[in-house]
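Observations on the model geometry
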Amino acid sequence: MEAAGARTRAAARRRDRRLRAPTTLKEQRDPQPGVRLPQRRTEEDQEEAVFREVVSFTPDPLPVRYYDKDTTKPISFYLSSLEELLAWTPDVEDSFNVALGPPECRQPPLSSRRPRTLMCHDMMGGYLDDKFIQGSAARSPYSFYHWQYIDIFVYFSHHTVTIPPVGWTNAAHRHGVCVLGTFITEWKEGERLCEAFLAGDERSYRAVAHQLVLIAQFFRFDGWLINIENSLSLAAVGNVPHFLRYLTTQLHQQVPRGLVLWYDSVVSSGQLTWQDELNEHNRVFFDSCDGFFTNYNWREEHLERMLGQAGERLADVYVGVDVFARGNVVGGRFDTDKSLELIRKHGFSVALFAPGWVYECLEKGDFFQNQDKFWSLLERYLPTHSICSLPFVTSFCLGMGTRRVCYGQEEAVGPWYHLSAQEIQPLFGEHRLQGDGRGWVKMHCCLADAWNGGSSLVIRGLIPPEVGNVAVRLFSLQVPVPPKIFLSMVYKLEGPSAVGVALELTTGDAGSCHVGGISALSAETSSRRSPRPLRVPPTKLAKWVGRCGQQLSGGWVQRCYEVNLRGCLLQALFVNFSRPPGSQEENFICRLGEIQVVDASSLLTPLPQVQAVTVSQVRWQPAASEGESGAAGLRLSCTLHWAYLLPHVRCFRIHCCRGSGGDSPCRGPSEPERPTLLGLAFVNRYRIVDLAVAAAEPGRDGRVEFLVEPIPKEGFLVPRAEWGRAAMLYSTPRT
């Protein structure tokens, strides 16, 4: 921030009694000021820090590693050398790239012996539109959403230390998928690098291992793929098993459920000789870490030989499949199922390399259809995993769109891409009724309309005259449920249709599970149950279920349900479509906007308050052109920071109001201005870039107010009085 602004902030707060001082450190630590008191708290009571700035066009430069040099937007980054790796220490700027939390609880756990599915994302060198931590305006970006089929996500590039962009980590963790970065050495430069840290004593390779563990721990991803693709001296290759064992041990201590995998390249003699299998030449590396990723040119005889080498660790052998089908490989492209058929036949895990082939090599306009086709061909070989925690809330947003929508209200028009904003995705696919196959249901994502975010889930189907309904499973769950849960579904039917739409669930162990407020569908489907809609929501929960049963904007409808349970396990969520009485064959198109399953008691728990909003790293630029009024304008860039307990939050929505003088444009005295949405944050920081503001008039301050709206995991809207806020008063230099 400009020095003049820093010197005048405290004085400005003392001088202007209308402006409240920032929250003190004691208040930040004391939990009592942080609880929500909606009955007593008003918007006028909200603490507001005020910062003063004198406009200057000579800003301090931002560190290039952390910010895009052209836009100053925060970006994910990599390390290009051993020197950079050893010199890295956590910096405040790194906090933009820290994931929201560890992977969500899942069943079965990754440690089970079930064969796993690894996806290795290698696309055009990496760090494309996905590097922009706060999102970008990319028009046709790559999006992955078949998360329930995979267990491990590897972000791959040819930089020495590939740190996964935080958007991928947040999206994967939300689905219970662990994320690995890549440590790679290649060519002659790779030989020199390996000689430097592997050919000496243990201090050298332990220092590298310490840094890799620290990076994974700090950024909250889950481990490393080690890829040494260059020859090694005898001294260096002799230390590789020690390096792997030390790295794996340290990672397991610091990162829960952490993983270290080795790629099939160097053999125990130090030669670079890809084996396409686990054998006696590379077994020592497999024995020193968590798993082995084979090269791609294998045949079934390689798989048969590996059975003896792997022993009881079959699931720790990830057989590589190059989806581009380069080299002498089995399957690939839309024949990748041929590879998986053989791999699963022998009980191994699979490593799918570069499934973004459907994006890179096929028509961008057909991307969603091609991606759905690719994964549907593999579905029979991809066991799914279940999420096992509440709250369970999703708007089916892909983390992209052609506009932004908030609870049915359009907020902005234009393309956007923000991986961290991707929400839990369902079990995509097509399902046909048993028998003659006339009844069917098919699901796909759609950017044409949304309830919250940028997309929704479209379910198309046909109900034949001989059956009364069709149902489709949306999610596989393994959730020990509390005594009372609330469920909500937002949907709308496209076109004229009398088809009934209802949310259904399955519960575990009917012998010990007692269910109230619910009815079994039939004797044959006694574990699948249909909750009764909640007509009048409890007064205390009106903020969450106040729209139940109502027709909402855009034709959306919300249905809410209350279920009382004791000793139950929630296993799946279904949507059921029923044919109206007397009708014949029924086609339908239903759009789902949101599903929520929440613990009723959590809705009554006070939330922490956003506190201590600060403004720093200010940059001013003159506007490129005059505004509509003909007055000169400014472009403001700055960084917001605030205090909040992240385990409680789904995300933050960042807003602004622009005005002049000491009055807040967001709250009177006349009709308050509707805040402008600037973007989403998933940490306690947000970089505002090139915000258009009016130039301050001589002798009069300009004013811009920033609002930080927390969105709790339960998904309801928090009253504006409980948002965090800070204001900036700015003026022109005195001449």
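Let me sum up the structure you'll find in this document. Keep in mind that this is a model prediction, so the values were computed, not measured.

1. Regarding the overall build of the chain
Secondary structure summary: the chain contains 13 helices and 34 strands in total. Relative to its full complement of 735 residues, the chain shows a buried share of 57%. For the chain, restricting intrachain contacts to residue pairs at least 6 apart in sequence, the fraction spanning at least 24 positions comes to 78%. For the chain, the exposed area adds up to about 29800 Å²; of that, 51% sits on carbon and sulfur atoms.

2. Details of the packing of aromatic side chains
Tallied over the entire structure, the rule returns 40 aromatic pairs. A ring pair is formed by tyrosine 66 and phenylalanine 77, whose centres lie 5.3 Å apart and whose planes are at 85°; its orientation type is edge-to-face. With tyrosine 66 in the loop between β1 (49-54) and α3 (82-87) and phenylalanine 77 in the loop between β1 and α3, the pair connects residues that are 11 residues apart, well separated along the chain. You'll find tyrosine 66 and phenylalanine 77 in the same group, each marked buried. Ring centres of phenylalanine 197 and phenylalanine 243 lie 5.4 Å apart, and the angle between their planes is 75°; on these two criteria the pair is classed as edge-to-face. Of the two residues, phenylalanine 197 sits in helix α5 (residues 187-198) while phenylalanine 243 sits in helix α7 (residues 234-254), which places them 46 residues apart along the sequence. Clustering of aromatic rings is evident, with ring pairs tying together Tyr142, Phe144, Tyr145, Trp147, Phe153, Trp168, Tyr359, Phe367, Phe368, Phe374, Trp375 and Phe428. The cationic tip of arginine 313 hangs over the ring face of phenylalanine 286; the distance from NZ or CZ to the ring centre is 3.9 Å. The side chain of lysine 373 reaches across the aromatic face of phenylalanine 334, ending 4.1 Å from its centre.

3. What to know about helix α9 (residues 300-310)
Within α9, the full set of buried residues consists of His302, Leu303, Met306, Gln309 and Ala310. Summarising the axial view, the buried residues of α9 lie within an arc of 110°, below the 170-degree limit, and thus occupy one face. Taken from the residues just after α9, glycine 311 is the one with a positive phi, measuring 60°.

4. Description of the state of the cysteines
The full count for this structure, using the stated rule, is 1 disulfide. Linked covalently through their sulfurs, cysteine 105 and cysteine 388 form a disulfide whose S-S length is 2.1 Å. Negative torsions about the S-S bond denote left-handed disulfides, and the value of about -95° found for cysteine 105 with cysteine 388 makes this one left-handed. With cysteine 105 in the loop between α3 and β2 (106-107) and cysteine 388 in the loop between β12 (386-387) and β13 (392-394), the pair connects residues that are 283 residues apart, well separated along the chain. For cysteine 105, a relative accessible area of 39% translates into the label partly exposed. With no disulfide of its own, cysteine 446 has cysteine 445 as its nearest cysteine by sulfur position, at a separation of 7.9 Å. Its relative accessible area of 16% is what places cysteine 446 among the buried residues.

5. Let's talk about the pattern of salt bridges
A pair can form between side chains of opposite charge whenever their charged atoms are brought close. Under the definition given, this model contains 30 salt bridges. Ionic pairing is found between aspartate 201 and arginine 203, a salt bridge with its closest N-O pair at 2.8 Å. Relative accessible area serves as the criterion here: at 37%, aspartate 201 is assigned to the partly exposed category. Take arginine 203: its relative accessible area is 64%, and that puts it in the exposed class. Here arginine 206 makes a salt bridge to glutamate 202, at a shortest N to O gap of 3.9 Å. Residue arginine 206 and its partner glutamate 202 are both found in helix α6 (residues 202-219); the two are separated by 4 residues, about one turn of the helix. Residues joined in a network through salt bridges with shared partners are Glu48, Arg703, Glu705 and Arg725.

6. Here we look at the sheet that holds strand β29 (residues 633-643)
With respect to topology, 3 strands assemble into an open sheet ordered β28-β29-β32, the strand pairing being antiparallel. Strands at the two margins of the open sheet, each flanked by one partner only, are β28 (611-622) and β32 (685-694). Averaged over neighbouring strand pairs, the angle between their axes works out to 25° when direction is ignored. Relative to β32, β29 runs antiparallel, the two being bridged by 8 bridges. Bridge pairing in β32 links threonine 639 to arginine 687.

7. Overview of the nonpolar core
Counting 155 residues, the largest nonpolar core has Phe183, Phe243 and Phe577 as its most contacted members. Excluding residues that lie within four positions of it along the chain, phenylalanine 243 makes contacts with Phe197, Leu198, Tyr205, Val208, Ala209, Leu212 and Ile226. Ranked by size, the runner-up nonpolar core spans 54 residues in total, among them Val613, Val649, Cys651 and Ile688.

8. Points about the environment of alanine 199
Here alanine 199 shows up in the loop between α5 and α6. Those residues in contact with alanine 199, other than ones at most four positions away along the chain, are Cys194, Ser233, Ala235, Ala236 and Asn239.

9. A closer look at the packing of helix α10 (residues 336-345) against helix α12 (residues 367-378)
With their axes 9 Å apart at the nearest point, α10 and α12 run at an angle of 25° to one another. Judged on the interaxial angle alone, α12 and α10 are roughly parallel. In this structure, the crossing between α10 and α12 has a hand that is right-handed. For the pair α10 and α12, contact is made by Thr336, Asp337 and Leu340 and by Phe374, Leu377 and Leu378, respectively. Of the residues contributing to the contact of α10 with α12, the split by class is 4 nonpolar, 1 polar and 1 charged.

10. Comments concerning the side chain of asparagine 239
Positionally, asparagine 239 belongs in helix α7. Within the local environment of asparagine 239, its side chain forms a polar contact with the backbone oxygen of leucine 198, the two atoms lying 2.6 Å apart. Here glycine 200 takes part through its backbone oxygen, which lies 3.0 Å from a polar atom of the side chain of asparagine 239. When residues no more than four places from it in sequence are discounted, the contact partners of asparagine 239 are Leu198, Ala199, Gly200 and Tyr205.

11. Quick word on the side chain of aspartate 372
Within the element layout of this structure, aspartate 372 appears in helix α12. No salt bridge is formed by the buried aspartate 372; the nearest opposite charge belongs to lysine 442, separated by 6.8 Å. Contact partners of aspartate 372, with chain neighbours within four places excluded, come to Tyr145, His146 and His444.

12. A look at the packing of α5 against α7
Put simply, α5 and α7 touch, their axes get as near as 9 Å, and they point 65° apart. Read as a crossing pair, α5 and α7 show a hand that is left-handed. Between α5 and α7, the contacting residues are Cys194, Glu195, Phe197 and Leu198 on the first element and Ala235, Ala236, Asn239, Val240 and Phe243 on the second. Broken down by class, the residue content of the contact of α5 with α7 amounts to 7 nonpolar, 1 polar and 1 charged.

13. As for unusual backbone geometry
Proline 108 follows glutamine 107 through a cis peptide bond whose omega is -10°. Summarising the element assignment, proline 108 is placed in the loop between β2 and β3 (117-121). With an omega of 0°, the peptide bond between leucine 390 and proline 391 qualifies as cis. Counting through the fold element by element, proline 391 comes out in the loop between β12 and β13.

Definitions and limits used
Residues numbered from 1 in each chain as written. Predicted model: local features only at pLDDT ≥ 70, side-chain atom pairs only at ≥ 80, totals over all residues. Heavy atoms only, no water. Helix = DSSP H or I, 4+ residues; strand = E, 2+ residues; numbered from the N terminus. Buried < 20%, exposed > 50% of the residue type's maximum accessible area, 1.4 Å probe, protein only. Contact = heavy atoms within 4.5 Å. Areas by Shrake-Rupley, 256 points an atom, 1.4 Å probe, with all protein chains shown as cover. Phe/Tyr/Trp six-rings, centres within 6.5 Å; stacked < 30°, edge-to-face > 60°. Lys NZ or Arg CZ within 6 Å of the ring centre and 35° of its normal. Arc of directions from axis to C-beta. Disulfide = S-S within 2.5 Å. Salt bridge = Lys/Arg side-chain N within 4 Å of Asp/Glu carboxyl O. Pairing = 2+ DSSP bridges. Axes fitted to C-alpha atoms, helices over the stretch in contact; angles between N-to-C directions. Core = buried A, V, L, I, M, F, W, Y, C linked by side-chain atoms within 4.5 Å. Parallel < 35°, antiparallel > 145°, perpendicular 65-115°, else oblique. Left-handed = near helix turned anticlockwise from the far one by under 90°. Nonpolar A, V, L, I, M, F, W, Y, C, P; charged D, E, K, R; others polar. Polar contact = N/O pair within 3.5 Å; in protein donor to acceptor, adjacent residues only side chain to side chain. Lys, Arg positive; Asp, Glu negative; His and termini not counted.

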